[in-house]
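# Structural features, examined
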Amino acid sequence: MSSVPRDLRRRNKLERLGRAAKFAQGKFVPTDETAQVLAAIIEPGDILCLEGDNQKQADYLAEVLAGMEAGTLRDIHLVMSCITLPDHIALFSKGCIKKVDFCYAGPQGNAVAELLAAGKFPLGAIHTYNELYARYYLDLTPRVALIAAAQADRAGNLFLAANTEETPAIVEPTAFFDGIVLAQVNEIVDTLPRVDIPSDQVDFIVQAPRPFHL
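Residues numbered from 1 in each chain as written. Predicted model: local features only at pLDDT ≥ 70, side-chain atom pairs only at ≥ 80, totals over all residues. Heavy atoms only, no water.

Next up on the list: the overall build of the protein chain. Along the backbone of the protein chain there are 7 helices and 9 strands. The C-alpha radius of gyration computed for the protein chain amounts to 16 Å, which stays within 12% of the reference 17 Å derived for 214 residues, consistent with globular compactness. In terms of overall dimensions, the protein chain has a C-alpha envelope of 50 × 35 × 35 Å along the principal axes. For the protein chain, with 214 residues in total, the buried portion stands at 53%. Taking the contacts inside the protein chain whose residues are at least 6 apart along the sequence as the reference set, 73% of them involve residues at least 24 apart. For the protein chain, the exposed surface amounts to about 9,100 Å²; the carbon and sulfur share of it is 53%. (Helix = DSSP H or I, 4+ residues; strand = E, 2+ residues; numbered from the N terminus. Rg over C-alpha atoms; globule rule 2.2 N^0.38 Å. Buried < 20%, exposed > 50% of the residue type's maximum accessible area, 1.4 Å probe, protein only. Contact = heavy atoms within 4.5 Å. Areas by Shrake-Rupley, 256 points an atom, 1.4 Å probe, with all protein chains shown as cover.)

Set out below in structure tokens:
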């Protein structure tokens, strides 16, 4: 749990939301404004959770992060289940990650080993899934969470389809402790099959140019 008093966390969240609001239409972010919103909501020193697991990846948001100008992101404490994509590795190559806590590296295992050998992979700890998720509620609470969902409705509720394993465990502590949640979605629709993440836990939504990576 953050040691920052809640009134200060809330004030800081409102400041970030205010900076990002000029690039969004309510909760909804035009695709070509994604980088500007990310730059507005992420601050140096943040714990940043980038969803990536054995079910789905917030791959579009990872791609945008990796493509941002050097210096825009810095001193980030990255927390994520699986370092899976080349864009994840690019974040370390840019030097913007000061610490990382994760569970496994999957297909990027060799790249992680090379970064470690080069002193460019600032390892915090390697966790089990259950430990990492639990610590999101304790000492690794994300200040910003970047997640993936199958669909959003026009009120901002999210449907996760079959891939529900990780997302609520990321979103709930982030939202409850005044963090910011940005979701990439495959579609924006009028009616969802069910609501998996309610709109009051979601700050921004962007429709990705392609379905999320499985």
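A separate point is the state of the cysteines. Within this structure, the stated rule accounts for 0 disulfides. We note that cysteine 49 lacks a disulfide partner, and the nearest cysteine sulfur, in cysteine 103, lies 10 Å from it. Unpaired in terms of disulfides, cysteine 82 finds its nearest cysteine sulfur in cysteine 103, a separation of 8.5 Å. Cysteine 82 sits in the buried class, given a relative accessible area of 1%. (Disulfide = S-S within 2.5 Å.)

Okay, the environment of asparagine 130 next. In this structure, asparagine 130 sits in helix H6 (residues 129–135). Separated by 14 residues in the primary sequence, asparagine 130 and valine 144 place their C-alpha atoms 20 Å from one another.

Summed over the entire model, instances satisfying the criterion amount to 5 aromatic pairs. Seen from their ring centres, phenylalanine 102 and phenylalanine 121 are 5.6 Å apart, and the 85° between their planes marks the pair as edge-to-face. Taken together, the residues phenylalanine 102 in strand S4 (residues 97–104) and phenylalanine 121 in the loop between helix H5 (109–117) and strand S5 (123–126) connect sequence positions 19 residues apart. By the burial criterion, phenylalanine 102 is buried, and phenylalanine 121 matches it. Both rings, one in tyrosine 133 and one in tyrosine 136, keep their centres 6.2 Å apart while their planes meet at 40°; by these two values the pair is tilted. Since its relative accessible area comes to 11%, tyrosine 133 is described here as buried. (Phe/Tyr/Trp six-rings, centres within 6.5 Å; stacked < 30°, edge-to-face > 60°.)

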